[in-house]
Amino acid sequence: MTHATLPVPTSDIDLFSDDVLHDPYPALRELREVGPAVRLTAYDAWVLPRYDPVRAALADHERFSSAQGVGYEDQFNALMWGTVLASDPPIHTRLRAVLSDKLAPKALAKLRTRIAALADDLVAGAVAEGEFDAVSELAAVFPVTVVADLIGLTEEARGPLLSFADAAFNTFGPLNARAQASLPFVGQMFEYLNTVMVPENLRPDGWAASVYQAADRGDIEPASVVPLLSAYVTASMDTTINGIGNTILLFAQHPDAYQQVRAEPALLGPAFEESLRLESPAQGFFRRTTRPVDIEGITIPADSKVLLSWASANRDERKWERPEEFLVRRNPVDHVGFGYGVHGCAGQGLARLEAQAVFGALVRSASSIEISGEPVRKLNNVIRGLASLPVTVGAEGK
Ligand code: HEM
């Protein structure tokens, strides 16, 4: 449909300021009211805050390109070139194929028992303490262990993995203090990928060895190996860590919801999707318009940076009833917390498997979860989550 061109809606909201990152939802609600496409005067960028345009943009990689990077700053976007995240078809299709077998349902089914046993152990240890930090002792430990194993890393080579993803995601935003403080860690990550995550330190059946093998076969350029490894290392960590941490916080804040899920474990999956909708761990990435794009009568010029706000789309009152509520029976299958379209999360099956394992273990062993100390937010330019979540749990069984 074509529309008459309307005046450009603008806003001076700074989506990357500390205040907004602490609680982005009032600002996102305001942006949804301002228009379907809003020019952000604090940056050289636009934002799509409503669900339908975000979903349409995700389905339209020809006009909303990822090839120049999915962050805001050109200098950091250059670091992403050659990754699945920062490419368009047909190059993207080739890169994405490298690990698609390893992340396909058949491969994941084989991991289910091992991942469940790992979660059972970790959760049993935490629950036995009665009081623990659900982030540092559980959410932040579990995905690192799972993913390091799948990457094929030796025990000694795993150490610094956790610091990398948080830093890398900060550089998806503007060059503010957070991004600047993260730069040394991003440097260390590339150093690590080039020197530690090399074939002699890798199990031959892991993800990282598969990436090297794809380069040996000529399926991808040798220069793509390190960028591709960086994408999988970062994409698989803080997203899942915060997805788990955010969900435990929601369970602790909504005891009725937790008891519903305990009574009906089939709700574990829908509850996780609802958490990803309400508190999307990845809040939004950028695209670049390849030509002028009409969004309901607003024209975004060619070569504009456009933030696709998944966090806002996932709370759009035009799409969701009672969008601010945590409803474990909602089962919001079309939320965009995993993105959508060709770049839709490559690891969503694994993320769901990890979440099911942790929450399954939790509902079986903890009869209640209560917040026992002030939760501490971790501010990141594009990731929403917690640094600390002290909880007490009841352990008398079902
Ligand atoms: C709750 C956990 C997770 C969330 C919320 C999440 C979120 C997302 C989102 C929103 C995207 C789309 C990026 C875009 O459109 O530009 C994405 C892409 C991606 N995710 Fe995840 N993710 C999660 C877990 C994982 C895991 C466990 C892996 C491990 C393999 C992973 C690997 C990837 C990769 C490789 C991409 C890039 C795909 C592409 O560009 O084709 N993610 N993720």
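Below is a short write-up of the structure. Small disclaimer: the values here were computed from a predicted structure and weren't measured.

### A closer look at the coordination of the iron atom of the ligand
Part 1 of the reasoning: What the protein offers the iron atom of the ligand as a donor is a single atom, Cys345 (SG), at 2.3 Å.
Part 2 of the reasoning: Here Cys345 lies in the loop between helix H16 (310-313) and helix H17 (348-365).

### What to know about the site of the ligand
Part 1 of the reasoning: Neighbouring the ligand are 26 residues, the closest being His92, Arg96, Arg287, His343 and Cys345.
Part 2 of the reasoning: Between an oxygen atom of the ligand and a side-chain N or O atom of Arg96, the distance comes to 2.7 Å.
Part 3 of the reasoning: Taking His343, its side chain carries an N or O atom lying 2.6 Å from an oxygen atom of the ligand.
Part 4 of the reasoning: Residue assignment for the shell around the ligand shows that the elements contributing at least two residues are helix H5 (91-97), helix H12 (225-235), helix H13 (238-253), strand S6 (284-289) and H17.
Part 5 of the reasoning: In terms of residue class, the shell around the ligand is built from 15 nonpolar, eight polar and three charged.

### Things to note about the pairing of strand S12 (residues 384-388)
Part 1 of the reasoning: S12 sits mainly inside the fold: four of its five residues count as buried.
Part 2 of the reasoning: When strand S11 (residues 376-379) meets S12, the two strands line up antiparallel, connected through four bridges. Within S12, the residue paired with Arg377 across the bridge is Leu386.

### Structural notes on unusual backbone geometry
Part 1 of the reasoning: Of note, the amide linkage connecting Pro89 to Pro90 takes the cis form, showing an omega dihedral of 5°.
Part 2 of the reasoning: If you check the backbone angles, Glu296 has positive phi at about 50° while not being a glycine.
Part 3 of the reasoning: Looking at the element boundaries, Glu296 is found in the loop between strand S7 (293-295) and strand S8 (298-300).
Part 4 of the reasoning: One non-glycine residue, Asp303, adopts positive backbone phi at about 65°.
Part 5 of the reasoning: Relative to the elements of secondary structure, Asp303 occurs in the loop between S8 and strand S9 (305-309).

### Topic: the packing of H13 against H17
Working note: a packed helix pair is described by the angle between its axes plus the distance between those axes.
Part 1 of the reasoning: Direction vectors running N to C along H13 and H17 enclose 35°, while the axes themselves pass 10 Å from each other. Here H13 runs over H17; the crossing is right-handed. Contacts from Thr240, Ile244, Thr247, Ile248 and Phe251 in H13 reach Ala351, Glu354, Val358, Phe359 and Leu362 in H17.
Part 2 of the reasoning: In terms of residue class, the contact of H13 with H17 is made up of seven nonpolar, two polar and one charged.

### Some remarks on the sheet that holds strand S13 (residues 390-394)
Part 1 of the reasoning: Read from one edge of the open sheet, three strands run S5-S13-S10, paired in antiparallel fashion. Each edge of the open sheet is held by one strand with a lone partner, namely strand S5 (131-133) and strand S10 (368-371). Adjacent strand axes in the sheet meet at a mean angle of 30°, parallel and antiparallel pairs treated alike.
Part 2 of the reasoning: As judged from the four bridges shared by S10 and S13, these two strands associate in the antiparallel manner. Following the sheet pairing, Ser368 is matched in S13 by Gly394.

Quick notes on the rules
Residues numbered from 1 in each chain as written. Predicted model: local features only at pLDDT ≥ 70, side-chain atom pairs only at ≥ 80, totals over all residues. Heavy atoms only, no water. Donors = N, O, S within 2.8 Å, 3.2 Å for Na, K, Ca; no water. Helix = DSSP H or I, 4+ residues; strand = E, 2+ residues; numbered from the N terminus. Near = heavy atom within 4 Å. Polar contact = N/O pair within 3.5 Å; in protein donor to acceptor, adjacent residues only side chain to side chain. Nonpolar A, V, L, I, M, F, W, Y, C, P; charged D, E, K, R; others polar. Buried < 20%, exposed > 50% of the residue type's maximum accessible area, 1.4 Å probe, protein only. Pairing = 2+ DSSP bridges. Axes fitted to C-alpha atoms, helices over the stretch in contact; angles between N-to-C directions. Left-handed = near helix turned anticlockwise from the far one by under 90°. Contact = heavy atoms within 4.5 Å.

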